Amino acid sequence: MTLPGPLGTPNRPTVAAVAVAAVLAAVLAVALLGAGLARTGTGELRIPAAGATSLLRVLLLAGLALAAGELAGTRLAGAGPLPRPLAVPGALLAAAASAGLLLLLAAVSGLSLPVVYGLREGRLLLVTANACLLAAVCAASRRPGLAALPLAAAVVAEALRAHPEAAGFGVGAGLTVVHLTAASLWTGSLLYVLRVVRLRGGGREVFLRYARMAACVFAALAATGTASTLRRLPPEAALSTAYGRVLLVKLALFGGASLLALAARSRLLSGADARPPARAELAVLAVIVALSALLTVAPDPRWPLF
């Protein structure tokens, strides 16, 4: 006889808890240590408070994914019981992370908050924080779908912040808007669908609806990611810069997540359980989110060419 728990085969909640802890540890390690490791041997200058900035950006991206994913996920779920809403906590998490980034910017720059508010990055962070707060209010109201508008404003503000070289809304910012929206929908919707399936003890039709949406999201991610890479990363800087190294790791994991998504789709179409590869896919996407946050603090890869 095989005993459950520590005396025999581990029970499923214990395995799930260990897996979640491992993913969270990987995300924290990437956020806090990734900038220093990626910069090793490149000769690039150290970015002040890179670890704290990366961690706050991870929380911001995670909050946006939770809120946006739930908006899309409720439509995919159809009729039936729904899991506990996480859109409000997600939006509040994104707002708190934006406020933290604003305070960190003031601390690193040595400027007072009123002065930081007047800076371009400070204004954009303030817009993001306020937009996420409004999204939380909308998500808690009787018409949670209204949260899509402030969430879109937060995504646009983040895209503009990521492209300070453009005076207005340029091509780079536009690509980032599509890329960030698609990434939030992929990660957040997958999490929500897995929660729905777990609550209902099944839900092949929910997975099928998600798979159709995920195909469009994947195409948008691949197209915008490729275009952004070609615009920003010179081929000769792929291995000699922190940005290039982080991006290569992100691309490798993106390929892994894509294969896991295909495996889940294949199992779904054959009538098998699609949840195991989908859970692994979600874990890989969580690390990709951390790498995306890390890219925002990596030095511009084009600097050696100047």
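Residues numbered from 1 in each chain as written. Predicted model: local features only at pLDDT ≥ 70, side-chain atom pairs only at ≥ 80, totals over all residues. Heavy atoms only, no water.

Caption draft 1: Inspection of the overall build of the protein at higher detail. Check the secondary structure of the protein and you find 10 helices and 0 strands. Ordered by position in the sequence, the α and β elements of the protein form the string α-α-α-α-α-α-α-α-α-α. Taking 306 residues into account, the globule formula puts the C-alpha radius of gyration at 19 Å, and the protein, at 20 Å, falls close to it. Taking the principal axes of the C-alpha coordinates as reference, the protein spans close to 65 × 45 × 40 Å. In the protein, buried positions account for 43% of the 306 residues. Here the analysis covers contacts within the protein between residues at least 6 apart in sequence; of these, 73% occur between residues at least 24 apart. Summing over all exposed atoms, the protein offers an accessible surface of approximately 15,200 Å²; the carbon and sulfur share of this is 71%. (Helix = DSSP H or I, 4+ residues; strand = E, 2+ residues; numbered from the N terminus. Rg over C-alpha atoms; globule rule 2.2 N^0.38 Å. Buried < 20%, exposed > 50% of the residue type's maximum accessible area, 1.4 Å probe, protein only. Contact = heavy atoms within 4.5 Å. Areas by Shrake-Rupley, 256 points an atom, 1.4 Å probe, with all protein chains shown as cover.)

Caption draft 2: Representation of the packing of helix H2 (residues 50-77) against helix H10 (residues 275-295) in the model. Closest axis-to-axis distance for the H2/H10 pair is 8 Å, and the angle between their directions is 125°. As summarised for this structure, H2 and H10 are arranged oblique, according to the angle between their axes. Between H2 and H10 the crossing geometry is right-handed. Contact residues: Ser54, Arg57, Val58 and Leu61 in H2; Val289, Ala290, Ser292, Ala293 and Leu294 in H10. A class-by-class count of the residues in the contact of H2 with H10 yields 6 nonpolar, 2 polar and 1 charged. (Axes fitted to C-alpha atoms, helices over the stretch in contact; angles between N-to-C directions. Parallel < 35°, antiparallel > 145°, perpendicular 65-115°, else oblique. Left-handed = near helix turned anticlockwise from the far one by under 90°. Nonpolar A, V, L, I, M, F, W, Y, C, P; charged D, E, K, R; others polar.)

Caption draft 3: The arrangement of the pattern of salt bridges in detail. Counted under the stated rule, the structure contains 4 salt bridges. Between Glu158 and Arg161 there is a salt bridge, and its shortest N-O distance comes to 3.1 Å. You can see Glu158 and its partner Arg161 sitting in helix H6 (residues 148-162), 3 residues apart, about one turn around the helix. Considered together, Glu158 and Arg161 belong to a single accessibility category, that of buried residues. Beyond isolated ion pairs, a larger network of salt bridges with shared partners links Arg57, Glu121, Glu158 and Arg161. (Salt bridge = Lys/Arg side-chain N within 4 Å of Asp/Glu carboxyl O.)

Caption draft 4: Region of the structure containing the packing of aromatic side chains. Tallied over the entire structure, the rule returns 3 aromatic pairs. A centroid spacing of 5.8 Å and a plane angle of 85° characterise the contact between Trp186 and Phe254, whose relative ring orientation is edge-to-face. Note that Trp186 is positioned in helix H7 (residues 171-200) and Phe254 in helix H9 (residues 242-269), a separation of 68 residues in sequence. The exposure class of Trp186 is buried, given its relative accessible area of 4%. Ring geometry for Phe218 and Phe254: centres 5.4 Å apart, planes at 5°, overall stacked. Residue Phe218 is located in helix H8 (residues 204-232), and its partner Phe254 is located in helix H9; the two are separated by 36 residues in the primary sequence. One aromatic cluster in this structure is built from Trp186, Phe218 and Phe254. (Phe/Tyr/Trp six-rings, centres within 6.5 Å; stacked < 30°, edge-to-face > 60°.)

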